[in-house]
Structure formats: structure tokens, C-alpha cells
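What follows is the residue order along each chain.
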Protein chains: 2
Amino acid sequence: MKILVAGAGAMGSRFAYMLVKSGNDVVITDSWKQHIDVINNKGLKVLIDGYNMGTYRLPAFLPNEVHGEFDLIILLTKAMQLESMLQDIKHVFSDNTLVINLVSGLGNAEQILEYVTMDRLYVASNYWTAGLGGPGVVDAVGEGTIKLQIYKNDSSQYDEQVIDVLNSAGFRAKLSHDVFLDIWKELAVSSVINPMCAILDCTIAQFGAYKGNVEISRLILDEIVEVAKHENVVLNIEDILDKISSLFPDTVAGRHYPSMHQDLMTKRNTEIDYLNGYIVQLGLKYDVLTPINSIIRHQIKLKEQLNEGSKKR
Amino acid sequence: MKILVAGAGAMGSRFAYMLVKSGNDVVITDSWKQHIDVINNKGLKVLIDGYNMGTYRLPAFLPNEVHGEFDLIILLTKAMQLESMLQDIKHVFSDNTLVINLVSGLGNAEQILEYVTMDRLYVASNYWTAGLGGPGVVDAVGEGTIKLQIYKNDSSQYDEQVIDVLNSAGFRAKLSHDVFLDIWKELAVSSVINPMCAILDCTIAQFGAYKGNVEISRLILDEIVEVAKHENVVLNIEDILDKISSLFPDTVAGRHYPSMHQDLMTKRNTEIDYLNGYIVQLGLKYDVLTPINSIIRHQIKLKEQLNEGSKKR
């Protein structure tokens, strides 16, 4: 299958490796030029669980330089980079192209539907992890699973083909009918952990060690559960609290700072508008008050602005 | 008049200087031993607007070592130190002692009423500023005013005496009937500026430069105005927003970090429970929802806990 992996950071690079290794014709595109150049010149080097899995040759392009037609496009950008990626690669979408959306957060499927019909778009929840060891080097651990769902299931003719390609590559993928629920759960967890650790400059375990963490979580989650109802998604707040507390041990994610913290530290913009900011937007749409998510969004935005100021200096 | 200044940080020391200079018999007490020792050994050195105003001899004691009787006790501790100060000096309260409460925040008058009757307690709002140039050295600027109100005005026999003493010392004090409103306004302003700058690590001007600052302020203030109503205090939200924005210019307070920011930086506990935390408490009492003030309180408490952790390491 001819596959374009659009957004080839850690996760995209890991996906590209698995797909090319299993015999697909894979092209990578990303706006990080150094990464693209290393892959073109030396190939993609892959370490999994510390083992050297070899170096793989595959063509890599900056987004506006991608050409040809693809059977499948896998979108793996950060949420805030999706729009410009779609703009840059719009010429490679054809009537036969299938798309898998693996961009985290909510609200991005609507953007993608400008380029592909809803019977050819898969939404997915992704339980793989990834890491980079520098440009051109995947350095990842463990295994995961993927759940896929056609955005609107008018026909099921493509299911087997996509699932087969993914599973031949070892992705342990399956079709599901509750991917949206999974995506909402993930959003709910991230809307607590990511901004709180980013604002307060603490690890996930340090957040967990604060005795008021459940009360903080509930204040944020109450609004999310209410907004989700209006999207016909029924979230169980206790499930989400369990998922959050399951992250606290050092053996799970405790020692980590969430990516939003890293984004602020390195003066990048964050995904806040696809997490708490998205909740605020939906709250306005459905006339649900979301003051807590609003102030958290503002706090992150203010930190981003402080970073902008210090970059200019 | 024999006066005890209880809590002799920057403000207490400035007050003691003004009172001793105008001929009163002033004693200082504070738990900062180095400060007390310097005042006893070398006197209190005073700089006002950069001018050396001289060095003043006055007896200074640790709180549990104060003795004698006083006509007037002026309370000027930090809110969270008031309880232990009152405990330590309870033996010097007599039936004739008048008390002026100049501790910032709300909810502390109730503590003081354990030691003095409500017709002998003055609540006050204080528009003087102060600074220290190290132990035993006042380094302050500008002038201010004081408004006083008897906590419960059953008799007015003490008014003139206290007002006269303060005005002879240059305090520009006057009796008022809306001191509680002033204190609430000050609390409202501080409940926005102090925690936001402390949490987000920004100056007052940087907070003001963020375009969402009014929306943030309103989210916090809406709850405060609602709680204040139940205390029979009618706050005007536009007045408070004006006061907040009046602080933004560098020529006013823009360059400054509020004291709560300094408290976190130097790993001291903050006054959060006398600001947003007090609003949360009153919200519980009156069944008013205060989620925004609650999450802000939690954020500061979590920062305090992180500081505790890093002190132990």
C-alpha cells in the first residue's frame, strides 16, 4: 500500500518504521527540515526497547514538496500544526485516498473533512507510545493497540483493507464503535494533568501527591462531563479519576512532566485550545458554563505570552 | 501613650518609628530575633524616600517576652502569624487596652475578639507602604492615610484619643464608616493580582499586558461579589476592575511581583487562606459556589507543598 505519514515526529516516525518494515511503500512528511534531511541521507534509525532494529530507507519531504497519490494518509501532527499540514499536502488527496486521523484532541476531524469524505475518514485512539533520539532516530519502548472507527459508516468496504495493513505491521488494530468515547476520556485526562503540571511546574507524581488533587480534578471534569453530554458522549467521572490516579506511580508516568509542560519550557505554543480551550468553545456553543476550563486556558495562554515576550528580548 | 506594635516587619517598624518620634512610649515585638536584637543593640535606623531620618532607641522583645500594660496595641503581623502572636502576648491585654487591627485580609477580627471587646477594637484600612533595608532598618517611601472604624460602635469615647495620637504622629488618620468596604475592595484586588502573578510567575504589568486579564479578573471577582453580598457588603465590580488596571503602569506597581510571589520564591507559606481561601470558606458558609477561587487556592497550596518538598531535600 502506498502510505503517507503526515507529521513524522516521534509517533509518526515509529508508525512509518512499522509500516515500511512490513512491506508498504511509505513516504514521510514533516516540517522539521533537519529530521527530513537525515532520513533522506542516512535513513531512519530505529531503537525499540533499547534494541537496534536497523536503519530504514524511505523518502521524506517537507510538506509542500510531497507529490504523487496515496492509498492511505495517516495524520500524526500536533493538533495546532494540522491545519497548515493539510493545506500543504492538499494536492495529494484523491477520491480514492483513505485517511486515518491520529492527531490527539477533539475538534480536528472537522478540519480534515474539508479534504476527505466522512466515509473515507477513520478516527482512531492510539495506545502506542513513541520517542525520538534526535533527528532521524526513533527511540521508543513497549507495544500498544489502536482502535479505529469510520467517521460516518455508510460503507464498510475499506475496513478490512486498512485493518489488515495495520495488523500486518504489528499495530494490533481493531474496529470499534466507541472510539469517540475513548478520545473524550483521553481529552478529559489530559485536560486535568497537562495544564495543571504545566502551570504549576510539577511532575505527574507531584500533582498526585497533593491531597487536593481529586478536588481539582473534579472541578475541571464536572464541566467536561456536562459539555460531553451535549455531544451525546456519556463520561463516567469516577472512571476518569481512576485513570488519572493510575498515572501517579513513578513506574507508570509519575516522574514525567506532560508534553504541555515541555512545550512551555521550550517556549513552544501548547495544545491548550484542543483541550480545555475546546471545552470552553463547546460550552459557548451549548450554553454550558465552563469558568474553570476558561481560567485554566487563560493561565496557559498567559504563560505562552510571557514566553513570546522573553523570546523577543 | 504606651503603645505596643505587635508584628514589626516593614510596616510595623515604620509605624513604630512614626509613633516614637512623636513622643509616645513605644515597644516593638516580633518573632524575627535578628531584627529584635539589632533594634535593642543599635536602635531602629530609618530611611524615608532615601533620606536618613535618624536612629531611634526603643525596646524590642520576642512576643513571649513582652511585659507590662499598654494603652494601645497595634497589630501588624501577616495574617497567618496573627494567632500565634495573640497567644504569645495575651498576658499584656488589660481591660483598658485599645487595639487597632491592621492585619490585611478578612476573617482575622474574629480571632482578635477573643482578647478584646468589640467596642475597644478598631478595624482599619491602611494606605501606607513600607519596606525594610535589612534587620533594624526601615527603608520606606511616600506617604499614606488610614481609615479607622470601631468594630462595634457602642461608645465613641475612645475615638478622639486614638485619632489624635495617630495624627500627631503624621498618619493622616480619620474615622470612617466604610472601612469594611475598603477592606473587601482590597481583598478583591489582592485575590486577583496576588495569586495570578504568583502562580504564573509574572509581574503585575505582565498580567496587565495579557489581553484576557479582564476576563480572568471577572471570573474571580464574580464569586467574591456574590459572597460579599451575604456579608452585607455591596462591591462594585467595575470599581475593582478599575483599581486593578490602575496598578498596571510601571510608574505605579507594574514592575512589582506581589508579595505572594515573593513568598513562594523564598519558600514561605502565603496568605492565600486569607484571600481566595477565605472566599471559599464564606462560600461554604453561605452556600455560594466558588469553584474559581477554590482552584486558585489549590494551585497556591500545591506550590507551597512543592516548596515544602524541595526544602526537605
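### With respect to the overall build of chain A
- When its secondary structure is counted, chain A shows twelve helices and eleven strands.
- Taking 2.2 N^0.38 as the reference for a compact globule, 313 residues should give roughly 20 Å; the C-alpha atoms of chain A span a radius of gyration of 19 Å, in line with that estimate.
- On the principal axes, the C-alpha backbone points of chain A span a range of 50 × 45 × 40 Å.
- When each of the 313 residues of chain A is scored for burial, the buried share is 55%.
- Looking at chain A alone, contacts between residues at least 24 apart form 70% of all its contacts between residues at least 6 apart.
- A distance of 7 Å separates the average location of the 29 positive side-chain charges in chain A from that of its 38 negative side-chain charges.

### With respect to the interface of chain A and chain B
- Of the residues lining the interface, 28 residues belong to chain A; the matching set on chain B comes to 28 residues.
- Summing both sides of the interface, chain A and chain B together bury roughly 2,500 Å²; the carbon and sulfur share of this comes to 67%.
- At the junction of chain A and chain B, the tally comes to zero salt bridges.
- For the side of chain A that touches chain B, the elements supplying multiple residues, two or more each, are helix 6 (179-200), helix 7 (204-209), helix 8 (213-230) and helix 12 (291-312) of chain A.
- If one sorts the elements of the side of chain A that touches chain B by residue count, helix 12 of chain A sits on top with twelve residues.
- Split into classes, the residues belonging to the side of chain A that touches chain B amount to 16 nonpolar, six polar and six charged.

### Concerning the nonpolar core
- Counting residues in hydrophobic clusters, the biggest one holds 144 residues, and the most contacted among them are Ile73(A), Trp184(A), Phe207(A), Ile73(B), Trp184(B) and Phe207(B).
- Sequence-distant contacts of Phe207(B), that is, excluding residues within four places in its chain, are made with Leu302(A), Val192(B), Ile193(B), Met196(B), Cys197(B), Cys202(B), Asn213(B), Ile216(B), Ser217(B) and Phe248(B).
- By size, the runner-up hydrophobic cluster in this structure holds 42 residues, among which are Tyr17(B), Ile146(B), Leu148(B) and Val165(B).

### So, the relation of the copies chain A and chain B
- Note on the copies: chain A fits chain B at an RMSD of 0.1 Å, the axial shift is 0.0 Å, and the rotation between them is 180°. Here the copies are linked by what is in effect a two-fold axis. Within chain A, Ile292(A) has its C-alpha nearest the rotation axis, a separation of 3.0 Å.

About the criteria used
Residues numbered from 1 in each chain as written. Chains lettered and ligands numbered in written order. Predicted model: local features only at pLDDT ≥ 70, side-chain atom pairs only at ≥ 80, totals over all residues. Heavy atoms only, no water. Helix = DSSP H or I, 4+ residues; strand = E, 2+ residues; numbered from the N terminus. Rg over C-alpha atoms; globule rule 2.2 N^0.38 Å. Buried < 20%, exposed > 50% of the residue type's maximum accessible area, 1.4 Å probe, protein only. Contact = heavy atoms within 4.5 Å. Lys, Arg positive; Asp, Glu negative; His and termini not counted. Charge placed at Lys NZ, Arg CZ, Asp CG, Glu CD. Buried area = accessible area lost by both parts, 1.4 Å probe. Salt bridge = Lys/Arg side-chain N within 4 Å of Asp/Glu carboxyl O. Nonpolar A, V, L, I, M, F, W, Y, C, P; charged D, E, K, R; others polar. Core = buried A, V, L, I, M, F, W, Y, C linked by side-chain atoms within 4.5 Å. Least-squares fit on C-alpha atoms with pLDDT ≥ 70 in both.

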